[in-house]
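# Secondary and tertiary structure notes
Chain by chain, the residues run as shown.
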Amino acid sequence: MTASTREATTDLIALPGTPLADAVVNLVRPVQTPSVFNHSVRSYLFARLVAARLDLAAGRDYDDDLLFAACVMHDLGVASDGPHRQRFEVEGADRAAEFLVERGIPAADADEVWQAIALHTSPGIAERRGTLCVLVREGVAVDFGGPLGAEYVETVTDEQADAVHAVYPRLDMIGSLTDAIVAQAAKNPKNAPRYAIPGEFLREREVFGQTRLEHACHSSRWGS
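Here we summarise the structure given alongside this text.

Each value, and the rule that gives it
- Residues numbered from 1 in each chain as written.
- Predicted model: local features only at pLDDT ≥ 70, side-chain atom pairs only at ≥ 80, totals over all residues.
- Heavy atoms only, no water.
- Helix = DSSP H or I, 4+ residues; strand = E, 2+ residues; numbered from the N terminus.
- Buried < 20%, exposed > 50% of the residue type's maximum accessible area, 1.4 Å probe, protein only.
- Contact = heavy atoms within 4.5 Å.
- Phe/Tyr/Trp six-rings, centres within 6.5 Å; stacked < 30°, edge-to-face > 60°.
- Axes fitted to C-alpha atoms, helices over the stretch in contact; angles between N-to-C directions.
- Parallel < 35°, antiparallel > 145°, perpendicular 65-115°, else oblique.
- Left-handed = near helix turned anticlockwise from the far one by under 90°.
- Nonpolar A, V, L, I, M, F, W, Y, C, P; charged D, E, K, R; others polar.
- 1 Å grid on protein atoms, 1.4 Å probe; cavity = no way out; pocket = protein on both sides within 12 Å on 5 of 7 lines; lining within 4 Å.
- Points joined across faces, edges and corners; volume = space filled by probe spheres on them.
- Disulfide = S-S within 2.5 Å.

Tracing the sequence through the fold places F68 in helix 4 (residues 64–72). Under the relative-accessibility criterion, F68 is labelled buried at 1%. Between the C-alpha atom of F68 and that of E200, which follows or precedes it by 132 residues, the distance is 28 Å. Excluding residues that lie within four positions of it along the chain, F68 makes contacts with L15, P16, A21, V24, V25 and Y44.

Bringing the packing of aromatic side chains into the picture now. Per the counting criterion, the structure on display carries 2 aromatic pairs. Ring centres of Y44 and F68 lie 5.0 Å apart, and the angle between their planes is 85 degrees; this geometry places the pair in the edge-to-face category. Here Y44 is found in helix 3 (residues 34–53), whereas its partner F68 is found in helix 4, with 24 residues between them in sequence. Y44 sits in the buried class, given a relative accessible area of 0%.

Let's shift gears to the packing of helix 2 (residues 19–28) against helix 5 (residues 88–102). Interhelical geometry of helix 2 versus helix 5 gives an angle of 135 degrees and a closest axis separation of 12 Å. Here helix 2 is positioned oblique relative to helix 5, judged by the angle of their axes. Handedness of the helix 2/helix 5 crossing: right-handed. Contact residues: L20, A23, V24 and L27 in helix 2; R95, F99 and L100 in helix 5. Among the residues forming the contact of helix 2 with helix 5, the class breakdown is 6 nonpolar, no polar and 1 charged.

This next bit is on the layout of surface pockets. Within this model, the largest pocket holds a volume of roughly 400 Å³. Together, 24 residues line the largest pocket, and T121, L148, I197, F201 and L213 are the ones closest to its centre. Listed by contribution, the elements that provide at least two residues to the lining of the largest pocket are helix 7 (131–143), helix 9 (173–185), helix 10 (197–208) and helix 11 (212–217). Classifying every residue of the lining of the largest pocket gives 13 nonpolar, 5 polar and 6 charged.

Within the structure shown, the criterion is met by 0 disulfides. You can see C133 has no disulfide; the closest cysteine sulfur is in C71, sitting 11 Å from it. C217 carries a free sulfur, and the closest cysteine sulfur to it, the one in C71, is 17 Å from it.

Structure below.
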């Protein structure tokens, strides 16, 4: 590996390292499975690659701390310590926004993060609610390898994917995340509205034993 290649890899997997980013990691890591935590971080790393493809620059077009916070907390609604009284996207968005405001983040910025998390499972809506929503939605979609939308999955080269997965392995992310969403959805009818992701996941698991997304991911770019 050349020095330039090592430098590129270091830049690729580098996290913000700011007090806010550290606080987000300390909040999320203990209450999520390793596979879901790794998925959340990979979503951020892939979102930055999508941003570069779209000629969007941190500090000019988006706030990197907010992007990290939104990506890493986007599945906070299935955390083991949550109240589990709303669909997971909304519960996670509420928890994230409250966490940010408590740390002095302006309410308008916290609301951007709220929207990005609440809408990350809403194709056709997230893409029209601003740059942060776009990047979170696309970062998550890239980490699924295609089934959530393949528009930017080729943004990631094989070498980049290998470097990211070496540090943040998948660990059967699809099954682990689906398990968490279904378990959260099953706790309360309000958590599983019809035609929303948690409601459909719960019903597909009950009827078929597997969600359509799980089936599709087996043949996606990254697999499970």
